[in-house]
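Here's the letter readout for the chains.
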Amino acid sequence: MITTDRWTGLFFILFSLYVCFESWRLGVGSFFRPGAGFFPFYSSALLGVLSLILGFLTCRGKAEKADPWTDLGNTVTVSLALLGFALLLTWLGFVVTTFLFSIFLLRAVERRGWLLAAGAAFFISAAFYVVFGLWLRAQLPAGILGR
Amino acid sequence: MAAFDGIIQGFAVVLTIKGLAFCFIGVLLGTLVGVLPGIGPAAAISLLLPTTFRTDPASSMIMLAGLYYGVMYGGSTTSILVNIPGEAASVVTCFDGYQMARQGRAGPALGIAALGSFFAGTVGVIGLMFLAPLLASFALLFGAPEYFSLMVMSMTLVTYLSRGSQLKALMMAALGLILGSIGLDAVTAKPRFTYDILVLRDGIGIVPVVMGLFGITEILLNVGATMDREILKSKITHLLPTRKDWQDSAMPIARGSLLGFFLGVLPGLGPVIATFLSYGMEKRLSKHPEKFGTGAIEGVAGPEACNNAVASGNFVPMLSLGIPANAVMAMLLGALAIYGIQPGPLLIKEHPQIFWGLIASMYVGNVMLLILNLPLIPLWVQVLKIPYGILYPVILLFCLIGSYSLNNNIGDVIIMWFFGVFGFLMKKFQFEPAPLVLALVLGPMLEDNLRQSLIISQGNFSIFISRPLSVAFLVVSASALLFPLLSLRPRLRETTE
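Residues numbered from 1 in each chain as written. Chains lettered and ligands numbered in written order. Predicted model: local features only at pLDDT ≥ 70, side-chain atom pairs only at ≥ 80, totals over all residues. Heavy atoms only, no water.

Asks: Can you tell me about the overall build of chain B, naming the residues and giving the values?
Replies: For chain B, the count of helices and strands is 20 helices and 2 strands. Relative to the compact-globule value of 23 Å for 497 residues, chain B shows a C-alpha radius of gyration of 22 Å, a close match. Referenced to the eigenvectors of the C-alpha coordinate spread, the extents of chain B come out at roughly 70 × 50 × 45 Å. Scored against the burial criterion, the 497 residues of chain B give a buried share of 63%. Nonlocal contacts in chain B, meaning residues at least 24 apart in sequence, comprise 80% of its contacts between residues at least 6 apart. Accessible area of chain B: about 18100 Å², with a carbon and sulfur share of 67%. Charge centroids of chain B, computed over 28 positive and 24 negative side chains, lie 5 Å from each other. (Helix = DSSP H or I, 4+ residues; strand = E, 2+ residues; numbered from the N terminus. Rg over C-alpha atoms; globule rule 2.2 N^0.38 Å. Buried < 20%, exposed > 50% of the residue type's maximum accessible area, 1.4 Å probe, protein only. Contact = heavy atoms within 4.5 Å. Areas by Shrake-Rupley, 256 points an atom, 1.4 Å probe, with all protein chains shown as cover. Lys, Arg positive; Asp, Glu negative; His and termini not counted. Charge placed at Lys NZ, Arg CZ, Asp CG, Glu CD.)

Asks: Help me get a handle on helix α3 (residues 72-92) of chain A, residues and values and all.
Replies: Along its 21 residues, α3 of chain A runs 29 Å from first to last C-alpha, staying within 8% of the 30 Å computed at 1.5 Å per residue. The axis of α3 of chain A is deflected most strongly, by about 30°, at Ala86 of chain A. Taken together, the buried positions of α3 of chain A are occupied by Asn74, Thr75, Val78, Ser79, Ala81, Leu82, Phe85, Ala86, Leu89 and Leu92 of chain A. Where α3 of chain A is buried, its residues contact α4 (94-109) of chain A together with α9 (206-223), α16 (388-407) and α17 (410-428) of chain B. (Expected span 1.5 Å × (residues − 1). Bend = angle between axes of the 7 residues up to and from the residue.)

Asks: Any details on the nonpolar core? Residues and values, ideally.
Replies: Counting residues in hydrophobic clusters, the biggest one holds 161 residues, and the most contacted among them are Val78 and Phe101 of chain A together with Leu128, Phe315, Ile359, Tyr392 and Leu396 of chain B. It is helix α15 (residues 352-384) of chain B that provides the largest number of residues to this core, a total of 18 residues. Residues contacting Tyr392 of chain B, with those up to four places away along its chain left out, are Val78, Leu105, Val109 and Glu110 of chain A together with Ile219 and Val223 of chain B. Residues Leu161, Ile463, Phe464 and Phe473 of chain B belong to the second largest nonpolar core, which totals 31 residues. (Core = buried A, V, L, I, M, F, W, Y, C linked by side-chain atoms within 4.5 Å.)

Asks: Requested: an account of the interface of chain B and chain A, with residues and values cited.
Replies: Listed by partner, the interface residues are 60 residues for chain B and 62 residues for chain A. Note on chain B versus chain A: buried area summed over both sides is about 5400 Å², and carbon and sulfur give 79% of it. On inspection of chain B and its partner chain A, the count reaches 1 salt bridge. The residue Lys168 of chain B makes a salt bridge to Asp5 of chain A at a minimum N-O spacing of 2.8 Å. Applying the counting rule to chain B against chain A returns 8 residue pairs in polar contact (both at pLDDT 80 or more). Counting residues per element, the ones that place at least two in the side of chain B that touches chain A are α8 (166-180), β2 (191-192), α9, α16, α17 and α18 (434-456) of chain B. With 12 residues, α16 of chain B is the single largest residue contributor to the side of chain B that touches chain A. Taken together, the residues of the side of chain B that touches chain A sort by class into 40 nonpolar, 12 polar and 8 charged. (Buried area = accessible area lost by both parts, 1.4 Å probe. Salt bridge = Lys/Arg side-chain N within 4 Å of Asp/Glu carboxyl O. Polar contact = N/O pair within 3.5 Å; in protein donor to acceptor, adjacent residues only side chain to side chain. Nonpolar A, V, L, I, M, F, W, Y, C, P; charged D, E, K, R; others polar.)

Given below as structure tokens:
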């Protein structure tokens, strides 16, 4: 057990209560005739009970200190870049989004020089387009280049 | 005799230009994935999956399976040369493999790892060939209650054997069951937790979830960490082990092969724990246990054989019962589901070309790996020199394209991203993702069989304890839950550490 377990336990208790409520609305039914909410209701009840035990054990027992979260900046940057890729892909198209995604990671996270980052990003986006777009014929969005 | 007829049919599938090409690509990519730290077999299979949609299911399975057991071969290279396991199943190989490399014996360490893996892989395939059809014919006797209890057993075993807290593993399994219920209800066709989002109507796909939890999470964890890769600079010579090396390694390889195969057959057991058990067993049986950790070749031979045998054993419950033993098998199950094929007792009868083609391809793949692995070691060393800063954007792009290509839908990319971030947080809070993935895959089947059983018994739960097989599965499940309370689990874990 670690000290943060009381908070994760609390989070999962709240989550399970929400799922129980939603499952109830779907209709739990009976043991003889289980409804659409039957399985998620009992699964979330199980999660709730287990989360309660986790919270109880953490509060009562000796919980170890959680490891410190180091270098979170890069993790947040990469996850935002991924989300950005997903949101821009249809509009900008595969080639442009891949180029921007690669150059952003190489510049903002890896701190490479502009020339190297641009060169590598160009090579990566071209290679991916050739392999997936031309060779494997994946239906990649053309975006602004296709208009 | 049926097995021999079947295997001949299987060789007819694999010994074609197409079959051989897919097998070769699978094992080659598997070795590459095994060599590269930070990307495991589950993520790699999920990346490769969308590229297989245009081919037939037999070729697709041959390639994906080749990737899985290829990873086991490749993983040893980084463990021995860099002291960084390419994937979790090769952690144990670092203990003595890297020490051997430091003493100038990298060649024999790599050689015995490859040859031991080949032997174990072959033993495992023979076991699979005979055991899977036997188990499948036995499973034809199963009804809904037996299937329900078997799946419960599978999930409890995963939580019992997972790293860290079993309580947290059970929580992840419960969460997986909830996530598995998203989508249209199979009986009433009522949408459950879909919130009018189109991509959720068919349920959460296993592929974007696995890509997120195993691919994206690994990168988010590693991008903040520094990877110290000190690659051995001395030239690797004498790959073939000496007579003394063979004498020391023969029995560990044989024991590792048998242990690995039988542990691999158990639902819920992946190669990681099996390799630790093999290492512990070899150390206990050795006349010189003090040499372990200082470069004992037995410490490389046993676990390396073991992880390959586990890989073959894992296919038994997946092919014969339709129950995935771990996250990788869950991916392969998902791959078959995309083609509308349901693994289970009827697979051998209805799709013999897939079943026997897969088994035959494993014989061929193991030979390919043996031929490939040793001469290609200098190439793998060069691959290891690629800076991680260049490598991870490429891996991320594979994940992004892979998830998008599933349905040409941004929704799958967002699901992958969500589970990547969620997996990162869960790792930080010391929750393991494997029980979640298994429960997500088994959840719909579990619900289906539970409902059927309750309808048959008119709501009476005694149906699960009135059938002998179902009782047996439930007793194992109960034991897996009760052992930790009796402090039996910590003792098991101590022996593996």
